[in-house]
Every structure is written in C-alpha cells, then in structure tokens.
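Given next are the chains, with one letter for each unit.
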Amino acid sequence: MYHKEHIENKVQEQLKDFGYNLNEIEGRIYHDNSAPIKRIKNDDSFKEALIKNKDKILNGENFTTRFKKKSPLKTSNLHNAFGSVDFLNSGMDNDANLHLYMFDTYDFNANEGPLVEAGRRQMLKGNLKGNFSICDIVLTKDELDKIWSKK
C-alpha cells in the first residue's frame, strides 16, 4: 500500500546510527485534506517538484525533491519540517486523480551543518527520537492541469 519495502529500507538507512529496532520506530500518516496536506499542496516548492517531475509522474516513477528554504518572515516553511522527501507514486485512479505518498524521516544526518549536528547529538543521547511520516496526497485532474499549465 505505502511502498513498504522502500519505506523500511529508507528508515533503516536514515536511522542506522541511532541503534533503533526497525519495528519500534514510530510512524505518522497524514491523510489527504488534513491541515498538513493542504499546506503541502499550496507550497510553491511542491508545485515546482510536480512540474519538474511530470514525466516521472506520468510514467509511474518515484522521485525525490527538496523543499526550498524561505524567508524567516514566511508563516509556513516546509523546508524546516521536511527538507528532502521521497514521493512514492501510486499512479492515477479511474477519475484521473494522482495518488502520491510523500515520505520523510525525522533524522539528523552527519555533516549537514551546526543546527543539524546539534539535533544529531541530542538524538544520539536519546533526548530526541527518530520517526517517519507518510503524507497521503491526492491531486485531482483539475489541480494537476492547473499546476502543469504554469511551466
């Protein structure tokens, strides 16, 4: 359903430094029309990723993208919440709605700057716990047409 093998491999790889048991890592699922999904669907970086990866989407392929860092004055900054994410493509349904699962791990990778390193130290001490999230995103044909017409 959620591309289980890809998710398990990615979680294991991203959180390997912290000694977690794969079966004990917490996951969160955000369903379409929830507040987080609405923010994602309205984000310019998300729309740009859909435009950039249109051929992959139409061919049923997965893709990875990075949310851009925005001005500190912006009220929403998905870069801080997600950073780099995988989009797992579940294709189009009979009504031409696109089904994507946006997948991300909450981790702090080595050598990604002082703020990430501070989080990494806290995670290694056990003060922060790694997890993953899956965002169930459904885009209607009209939503996709509107985004893809802005090339």
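As a reminder, the structure under discussion sits directly above these lines.
Read on for an overview of the structure.

Thresholds, definitions, all that
Residues numbered from 1 in each chain as written. Predicted model: local features only at pLDDT ≥ 70, side-chain atom pairs only at ≥ 80, totals over all residues. Heavy atoms only, no water. Helix = DSSP H or I, 4+ residues; strand = E, 2+ residues; numbered from the N terminus. Contact = heavy atoms within 4.5 Å. Areas by Shrake-Rupley, 256 points an atom, 1.4 Å probe, with all protein chains shown as cover. Core = buried A, V, L, I, M, F, W, Y, C linked by side-chain atoms within 4.5 Å. Buried < 20%, exposed > 50% of the residue type's maximum accessible area, 1.4 Å probe, protein only. Phe/Tyr/Trp six-rings, centres within 6.5 Å; stacked < 30°, edge-to-face > 60°.

## Quick look at the overall build of the protein chain
No. 1: When its secondary structure is counted, the protein chain shows seven helices and five strands.
No. 2: Contacts spanning at least 24 positions in sequence make up 62% of the contacts within the protein chain whose residues lie at least 6 apart.
No. 3: Total accessible area on the protein chain is roughly 9300 Å²; 47% of this is exposed by carbon and sulfur atoms.

## Looking at the nonpolar core
No. 1: If you look at the biggest cluster of nonpolar residues, it comprises 19 residues, and the most contacted ones within it are Leu-50 and Ile-137.
No. 2: Counting only elements with at least two residues in this core, the list comes to helix 2 (35-42), helix 3 (44-52), strand 3 (84-92), strand 4 (98-106), strand 5 (131-139) and helix 7 (141-148).
No. 3: The next biggest cluster of nonpolar side chains, apart from the first, holds twelve residues, and it includes Ile-7, Leu-15, Phe-18 and Tyr-101.

## Let's talk about the packing of aromatic side chains
Aromatic ring pairs are described here by two measures, namely the spacing of the ring centres and the angle between the planes.
No. 1: Enumeration over the complete set of coordinates arrives at five aromatic pairs.
No. 2: Ring centres of Phe-46 and Phe-87 lie 5.8 Å apart, and the angle between their planes is 45°; this geometry places the pair in the tilted category. Here the residue Phe-46 occupies a position in helix 3, and Phe-87 occupies one in strand 3, the gap between them amounting to 41 residues. Comparing Phe-46 with Phe-87 shows no difference in burial state: the two are buried.

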